Amino acid sequence: MIGSGISGLCYALEAARTADVLVLTKGSREDTATRWAQGGIASALDPADSVEAHVRDTLAAGAGLCHPDVVRTCAAEGPSRIAALETLGVRFSRTDGGVDFDLGREGGHSARRIVHAGDMTGREVEDALVRAASAHPRIRFLEHHMAIDLVLERRHERGSPVTGAFVVEKATGRVRTIAARTTVLATGGAGKAYLYTSNPDVATGDGIAMAYRAGALLADLEFVQFHPTCLYHPAAKNFLLSEALRGEGAVVRRLDGSTFLEAYDPRGALAPRDIVARAIDAEMKRTGDDHVLLDLTHLDPAFVLRRFPGIAERCREYGLDLTRQPLPVVPAAHYFCGGVVADLDGRTSLPGLLAVGEVACTGLHGANRLASNSLLEGLVLAQRAAARAAAEPPRPVPEAPAWDPGGAEPSDERVVVSQDWDEIRRFLWNYVGIVRSDRRLARAARRIALLREEIREYYWKYQVTADLCELRNIAAVADLVIRCAQFRRESRGLHYTVDHPEPRDEWARHTLVDRWDGVRLAAEPGRF
Ligand code: SIN
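Residues numbered from 1 in each chain as written. Predicted model: local features only at pLDDT ≥ 70, side-chain atom pairs only at ≥ 80, totals over all residues. Heavy atoms only, no water.

Caption draft 1: The arrangement of the overall build of the protein in detail. Counting its secondary structure elements, the protein contains 14 helices and 20 strands. In terms of C-alpha radius of gyration, the protein reaches 22 Å, essentially the compact-globule figure of 24 Å for 528 residues. The principal-axis extents of the C-alpha atoms in the protein amount to approximately 65 × 50 × 50 Å. Out of the 528 residues belonging to the protein, those deemed buried represent 59%. (Helix = DSSP H or I, 4+ residues; strand = E, 2+ residues; numbered from the N terminus. Rg over C-alpha atoms; globule rule 2.2 N^0.38 Å. Buried < 20%, exposed > 50% of the residue type's maximum accessible area, 1.4 Å probe, protein only.)

This is the structure we're talking about:
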């Protein structure tokens, strides 16, 4: 298991019923994007709501690319998985003296359906999963170790089974091979490929890049979700202001106090987040302002402080009182809807390799993820994947080759890593961001080609370090996003380009990409 967020740990806890599980993580075990999730878990739990309505909303957001069977499975199995979390000790917010869930509201949802733990849902869930996994006799953690690449049974052969991973210990640079019957990617997304992101530093697309290099099939990497409201403050590197704030009545304003979202969509602040992010981006470009405002000052301060204690506390650290002053916000890269193609049981195109959570592309999110459907996907599909893997006949642990360092020497030019990293993040933000164009994408393509060449040379010449691996992965992800975005000559969901501003029926299919056949359109709608 590579990764220790909600998907990795749900998988590990289920798999450990019948097998030993090693959880590899490049930080400490709780250093995950899951822990940062504020909003919650979407699930139809209100008597007035229904699984069908949740399915409808998810399909509508997904703009023709969701797989209805996957959407239905996640929506239908959500309630029982939320109950399972409660048995692990997760305390969700409740009303009426603890009888009912205090269901929140977010953009694109036709009902209140967000199960949350105040505004720190991810922390509450992650802590409970870490506690359970750490206490489990068949689960072992290997922290501060980074996977470099997947090991293939037959190197350079298309479709070769995966038999483990090469791993570098961050403190020492020592590389070893870990052999596994099943290798599971639960590595999350790649928000760090962009200059502005809501993601933690660990979100460097490692799983996407490793799977691509191993020859696995990937899909839909052009669909990068930008969250409309991250705090704009020099000291707040990537602090999200949850969509739940808008769900409870927060208003987006220009710096002069006027509102504008209703001019873009009648649902205003509760339109799906691609629409809100694009509207904010357009207004910032039109006015030349470097941020807009998120205003809660008209709401009851006692309610705001009770409902959003974590956000209020963080704002206070930055000298801001959200009950008395509007907060400066900007959109930021938030979630990768595309990734490693995986079915309902986590199976990828390579035997021995599973993918769960944000790294996977299962057909749940389509071209645009509905808010709070990602923790739901991790909960439901990771557990299914583990149950399915456990039902397969046991296989011996494969042999895995030792790491060959070649003639690599220690690097004396670490500055290359930080320089290339900054460059990629900046041009991805400027050229492959919320609004794209043929010209901007072509510029980005030229730059990433040069940088990848430079990084490749550096990688082969010098001894591997975790920083270098992350740079190599970010560059690979950037290249895939650019190529997929250039390929899709229409606008759909999260992919918006001024040169092809409308959706086109013939493009209502997945973008597929692998290292063997390059980028192409899926042969038929609704299938990878
Ligand atoms: C948020 O709290 O706004 C993020 C929830 C999500 O991304 O689903």
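Caption draft 2: Structural context of the packing of aromatic side chains. Inspection of every chain in the model, using the stated rule, returns 10 aromatic pairs. On the numbers, 5.2 Å between centres and 80° between planes, the contact of Tyr 459 with Trp 460 is edge-to-face. Assessed through its relative accessible area of 6%, Tyr 459 is described here as buried. Trp 460 gets classed as exposed once you look at its relative accessible area, which sits at 61%. Through a chain of ring-to-ring contacts, three or more aromatic side chains come together here, namely Tyr 194, Tyr 196, Phe 226 and Trp 429. Sitting above the plane of the Phe 101 ring, Arg 94 keeps its charged end 4.1 Å from the centroid. Positioned above the aromatic ring of Tyr 459 is the side chain of Arg 472, whose terminal nitrogen or guanidinium carbon lies 3.8 Å from the ring centre. (Phe/Tyr/Trp six-rings, centres within 6.5 Å; stacked < 30°, edge-to-face > 60°. Lys NZ or Arg CZ within 6 Å of the ring centre and 35° of its normal.)

Caption draft 3: Focus on the nonpolar core. Of all hydrophobic cores here, the largest spans 73 residues; its most connected members are Leu 185, Tyr 194, Leu 221, Phe 336, Ile 424, Phe 427 and Val 432. Top element by residues in this core is helix α14 (residues 466-487). It accounts for 13 residues. One finds Ile 6, Ala 15, Ala 75 and Leu 344 within the second-largest nonpolar core, a separate group that totals 47 residues. (Core = buried A, V, L, I, M, F, W, Y, C linked by side-chain atoms within 4.5 Å.)

Caption draft 4: Main features of the pattern of salt bridges. Within the structure shown, the criterion is met by 48 salt bridges. Notably, a salt bridge pairs Glu 124 with Arg 91, separated by 3.0 Å at the nearest N-O pair. Of the two residues, Glu 124 sits in helix α4 (residues 121-135) while Arg 91 sits in the loop between α3 (68-87) and β3 (94-95), which places them 33 residues apart along the sequence. Under the relative-accessibility criterion, Arg 91 is labelled exposed at 61%. Of the charged contacts in the structure, one is a salt bridge between Arg 174 and Glu 169, with a shortest N-O distance of 3.8 Å. The class for Arg 174 is partly exposed, based on a relative accessible area of 48%. Among the residues examined, Glu 169 registers a relative accessible area of 22% and is labelled partly exposed. Three or more residues are tied together by salt bridges with common partners; here these are Glu 77, Asp 343, Asp 345, Arg 347, Arg 384, Arg 388 and Glu 392. (Salt bridge = Lys/Arg side-chain N within 4 Å of Asp/Glu carboxyl O.)

Caption draft 5: Fine view of the site of the ligand. Around the ligand, a shell composed of Gln 38, Gly 39, His 227, Leu 240, Ser 242, Glu 243, Arg 273, His 334, Arg 369, Ala 371 and Ser 372 is seen. Within the side chain of His 227, a nitrogen or oxygen atom sits 2.7 Å from an oxygen atom of the ligand. With respect to the ligand, the backbone of Glu 243 contributes an N or O atom lying 2.6 Å from an oxygen atom. Starting from 260 Å² of accessible surface for the ligand in isolation, the protein chains cover 93%. Counted by class, the shell around the ligand contains two nonpolar, six polar and three charged residues. (Near = heavy atom within 4 Å. Polar contact = N/O pair within 3.5 Å; in protein donor to acceptor, adjacent residues only side chain to side chain. Areas by Shrake-Rupley, 256 points an atom, 1.4 Å probe, with all protein chains shown as cover. Nonpolar A, V, L, I, M, F, W, Y, C, P; charged D, E, K, R; others polar.)

Caption draft 6: Layout of unusual backbone geometry. One non-glycine residue, Asp 220, lies in the positive phi region at around 60°. For Asp 220, the location among the structural elements is in the loop between β11 (218-219) and β12 (224-231). Even without glycine at this site, Ser 372 takes up a positive phi of about 65°. Among the structural elements, Ser 372 can be located in the loop between β18 (360-361) and α11 (373-390). The exposure class assigned to Ser 372 is buried, which follows from its relative accessible area of 6%.

Caption draft 7: How the structure looks around a negative patch on the surface. Taken together, the side chains of Asp 422, Glu 423, Glu 454 and Glu 457 make up a negatively charged region of the molecular surface. When contributions to the negative patch are tallied by element, the ones reaching two or more residues are α12 (415-431) and α13 (438-461). Counting through the fold element by element, Glu 457 comes out in helix α13. Overall, the relative accessible area of 53% leaves Glu 457 in the exposed class. (Patch = residues over 30% accessible without salt bridge, like charges linked within 9 Å, V, L, I, M, F, W, Y side chains within 5 Å. Lys, Arg positive; Asp, Glu negative; His and termini not counted. Charge placed at Lys NZ, Arg CZ, Asp CG, Glu CD.)

Such coordinate-based values are descriptive only and should not be taken to indicate function.
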